[in-house]
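Residue-level structure breakdown
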Amino acid sequence: MLREKSLLMIPGPTPIPPQVAAAMTQPMINHRGEAFSDLFDEVAVGLKQVFRTEQPVYVFPGAGSGGWEAALVNTLNPGDTVLSVSVGDFGERWFKVATKLGLAVERLRFEPGQAADPARIAERLADDREKRIKAVLIQHNETSTGVTNDVEAIARVVREHGALIMVDAVSGLGALPLEMDRWDLDVVLTGAHKALMCPPGLSIVAFSERARAASEQNTMPRFYWDLKAVHSSYLKRQTPYTPAISLFYALQAALRLIQAETLEGAWARHRVMGAMCRAGVRAMGLQLLAQDEARASNAVTAVVSPVDPKQLRKVARERLGVQLAGGQAELADKIFRIGHLGYVVPGDVLQALAATEMALAVLGQDVQIGRAVAAAQEVWMRELRG
Ligand SMILES: *Cc1c(COP(=O)(O)O)cnc(C)c1O
């Protein structure tokens, strides 16, 4: 096999477009100069469009995980109670961040493959008559299980209670519908290396007016993630400390591509890829982890593996040139995942499905070669016919 030609179908980091790779080779500039401020402005406008917000969107050098910390330290006080709603491993990780920061964390967990039930969140919040719960933490798209939460419905019940709603949209923003202002979300965080088609290294966070007002009063210690510092720099079209300039260039190029496709166009492309992938998986006779089709993710598909998923991924990677993802935490030996977000097109999904069914056949499973691909083609065809 020509090892270099390998299709990366994992849910982050995702493949990057050539325009994004090329953008990063530009010469370094003074981060306190006019050229950077122009770059900053264009990125600021583009990010507001993908977050669907009129609020400023802040860019920190960091991994997606940094956004979890930024959300909490800027809005809460030590010892505050928060409700961690978790549908998978990334939900659990955010729970751990909140615990380590000294917050009193109440938990509401859902089984892997299930979405968060807005009615159960509403019940939990209704019990909180003294309004001890200051914030609700929720995943937009749970990457570890391939489930998308109904953030709009959840936001509605949280609004009724009055707590802040904080949304981890690391693998959803740019791929799946999310309306920060219309749904009245308080904190939305993402990373550059999933649907935004950039290399890893940027943590991107937006705060509502309500959340920013909380940051004026709250007493959690912070320096690196300090919203007040980043906001006063924002007004000067700068960042408080050295920005990841090459990644700003990457993000500028990626945002231009999103503008050209339109955000709605990107959502539609992901919807087609998700439907194709699930049709293919079902045609192989395999079981999806996401139990409810309406909440199955169009960014990543988690599949219950009939063979050792490590073996399957090894055959796909080494003999078929396709990289699939494994499961996380307790799902490690149970599932494999097909990422279809960011710089990915329906044809890539066909290739991933072809590799999956071939790898299963190589491992002795009774699969009929071509069925998964045909089922996915049918979905794509229906889309073409309108
Ligand atoms: C990828 C991801 C993160 C952050 O991951 P990093 O490794 O810190 O970049 C957080 N939440 C979700 C849902 C993710 O998919």
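Residue positions are given per chain, counting from 1 as you read along its sequence in written order. This being a predicted model, a pLDDT of at least 70 is required before a residue's local features are given, and a value of 80 or more before pairs of side-chain atoms are given or counted; all residues contribute to the totals for chains, interfaces and linings. As a rule here, side-chain values come from all non-hydrogen atoms in the structure, and water together with hydrogens is ignored.

The following threshold applies: UniProt positions are given in the numbering used here, feature names are shortened, and annotations may be inferred rather than shown by experiment.
The protein appears in an unreviewed UniProt entry as Aspartate aminotransferase-like enzyme from Symbiobacterium terraclitae. Quoted straight from UniProt, the Cofactor (unreviewed entry) entry for the protein says "pyridoxal 5'-phosphate". Among the UniProt annotations of the protein, the heading Sequence similarities (unreviewed entry) holds the following wording: "Belongs to the class-V pyridoxal-phosphate-dependent aminotransferase family."

1. Brief notes about the domain arrangement of the protein
Just so we agree on the cut-off: Throughout, the edges of the domains are those of an automatic or database domain assignment. What makes two residues a contact is simply this: any of their non-hydrogen atoms within 4.5 Å. Two parts placed together each lose some accessible area under a 1.4 Å probe, and adding up what both lose gives the buried area. Here, a salt bridge means any side-chain nitrogen of Lys or Arg that lies within 4 Å of a carboxyl oxygen of Asp or Glu. Counted as a polar contact is a pair of N or O atoms within 3.5 Å, where, for protein atoms, one must be capable of donating a hydrogen and the other of accepting one, and residues adjacent in sequence contribute only when both atoms are in side chains. What counts as a helix is a DSSP run of H or I of at least four residues, what counts as a strand is a run of E of at least two, and both are numbered from the N terminus. Polar here means any residue outside two lists: the nonpolar Ala, Val, Leu, Ile, Met, Phe, Trp, Tyr, Cys and Pro, and the charged Asp, Glu, Lys and Arg; Gly therefore counts as polar.
Domain parsing of the protein yields domain 1 (7-14 + 262-385) and domain 2 (18-259). Placing the centre of domain 1 and that of domain 2 at their C-alpha centroids yields a distance of 27 Å. Across the boundary between the two partners, domain 1 contributes 29 residues, which contact 34 residues of domain 2. Counting each side, the surface lost to burial between domain 1 and domain 2 is near 2500 Å², with a carbon and sulfur contribution of 57%. Where domain 1 meets domain 2, there are one salt bridge. Glutamate 264 is the salt-bridge partner of arginine 52, the closest N and O atoms lying 2.7 Å from each other. Between the two partners, domain 1 and domain 2, sit 12 residue pairs in polar contact (both at pLDDT 80 or more). Counting residues per element, the ones that place at least two in the side of domain 1 that touches domain 2 are helix 10 (263-283), strand 12 (300-304) and strand 15 (335-339). The element that contributes the greatest number of residues to the side of domain 1 that touches domain 2 is helix 10, accounting for five residues. Considered class by class, the residues forming the side of domain 1 that touches domain 2 number 16 nonpolar, nine polar and four charged.

2. Here's the deal with the sheet that holds strand 11 (residues 287-288)
Here is the rule: One requirement defines pairing of two strands: DSSP has to find at least two bridges between them.
Pairing in this open sheet of four strands is antiparallel, and the strands run 11-12-15-14 from one edge to the other. Looking at the sheet topology across the chains shown, the edges are occupied by strand 11 and strand 14 (325-326).

3. Side note on the site of the ligand
Here is the rule: We call a residue near a given molecule or strand whenever any one of its heavy atoms falls within 4 Å of it. For the accessible areas, the method is Shrake-Rupley and the probe is 1.4 Å, while residue cover comes only from the protein chains on display.
Neighbouring residues of the ligand: Ala63, Gly64, Ser65, Trp68, Phe90, Asn141, Thr143, Asp168, Val170, Ser171, His193 and Lys194. Glycine 64 places a main-chain nitrogen or oxygen 2.9 Å from an oxygen atom of the ligand. Note that an oxygen atom of the ligand is positioned 2.8 Å from one of the side-chain N or O atoms of lysine 194. Protein contacts shield 88% of the accessible area of the ligand, which totals 380 Å² for the unbound molecule. By residue class, the composition of the shell around the ligand is four nonpolar, six polar and two charged.

4. Re the pairing of strand 12
Remark: a regular strand shows side chains that alternate across the two faces of the sheet. Heads up, the rule is: Per-residue accessibility, obtained with a 1.4 Å probe over protein chains only, is compared with the maximum for each type, and a residue is labelled buried under 20%, exposed over 50%, and partly exposed between these values.
Among the five residues in strand 12, four count as buried, and that is most of the element. In this structure, strand 11 lies alongside strand 12, joined through two bridges in antiparallel fashion. Bridge pairing links glutamine 287 to valine 304 in strand 12.

5. Focus on the UniProt feature "domain: Aminotransferase class V" (unreviewed entry) in the protein
As recorded in UniProt, the feature "domain: Aminotransferase class V" (unreviewed entry) lies at residues 13-328. Annotation note: span residues 13-328, helix share 42%, strand share 17%, distance between end C-alpha atoms 15 Å.

6. Structural notes on the sheet that holds strand 4 (residues 104-109)
Basically, it comes down to this: For helices, the fitted line uses only the C-alpha atoms of the stretch in contact; every axis is such a line through C-alpha atoms, and the angle between N-to-C directions lies from 0 to 180 degrees.
Pairing is mixed across the open sheet formed by seven strands, whose spatial order is 2-10-9-8-5-3-4. Whereas interior strands pair on both sides, the edge strands pair on one side only; in this sheet they are strand 2 (57-61) and strand 4. Strand-to-strand, the axes of this sheet are offset by a mean angle of 20°, without reference to chain direction. Pairing of strand 9 (residues 187-191) with strand 10 (residues 202-207) involves five bridges; the strand directions are antiparallel. Counterpart to glycine 191 in the pairing with strand 10 is serine 203. Sheet strands touched by helix 4 (residues 89-100): strand 3 (81-86), strand 4, strand 5 (133-139), strand 8 (164-168) and strand 9. Its angle to strand 4, the strand with the most contacts, is close to 165°.

7. A few points about the side chain of histidine 340
The residue histidine 340 is located in the loop between strand 15 and helix 12 (346-362) in this model. A distance of 3.1 Å separates a polar side-chain atom of histidine 340 from the backbone oxygen of asparagine 298. Look past the residues within four positions of histidine 340 in its chain and what remains in contact with it is His270, Met273, Gly274, Cys277, Ser297, Asn298, Ala299, Val300, Thr301 and Val349.

8. Here we look at the packing of aromatic side chains
Spelled out, the test is: Side-chain rings of Phe, Tyr and Trp (the six-membered ring for Trp) are treated as a pair once their centres are within 6.5 Å; stacked means planes under 30 degrees apart, edge-to-face means over 60, and tilted covers the remaining angles. Two thresholds decide whether a charge sits over a ring: the Lys NZ or Arg CZ must be within 6 Å of the ring centre and within 35 degrees of the ring normal.
Counting across every chain of the model gives 10 aromatic pairs. With a centroid separation of 5.4 Å and an interplanar angle of 70°, the aromatic rings of phenylalanine 40 and tyrosine 234 are classed as edge-to-face. Here tyrosine 234 lies in helix 8 (residues 227-235) and phenylalanine 40 lies in helix 2 (residues 34-51), a separation of 194 residues in the sequence. A single burial state applies to phenylalanine 40 and to tyrosine 234, both of which are buried. Ring centres 6.4 Å apart and planes at 50° place the aromatic pair tryptophan 68 and phenylalanine 90 in the tilted group. Separated by 22 residues along the polypeptide, tryptophan 68 in helix 3 (residues 65-73) and phenylalanine 90 in helix 4 bring together distant segments of the chain. Note on accessibility: tryptophan 68 and phenylalanine 90 belong to one class, buried. Put simply, the rings of Phe36, Phe40, Tyr58, Phe207, Tyr234 and Phe248 touch in pairs and so form one group of aromatic residues. Between the NZ or CZ atom of arginine 107 and the centre of the ring of phenylalanine 95, over which it lies, the distance is 3.6 Å.

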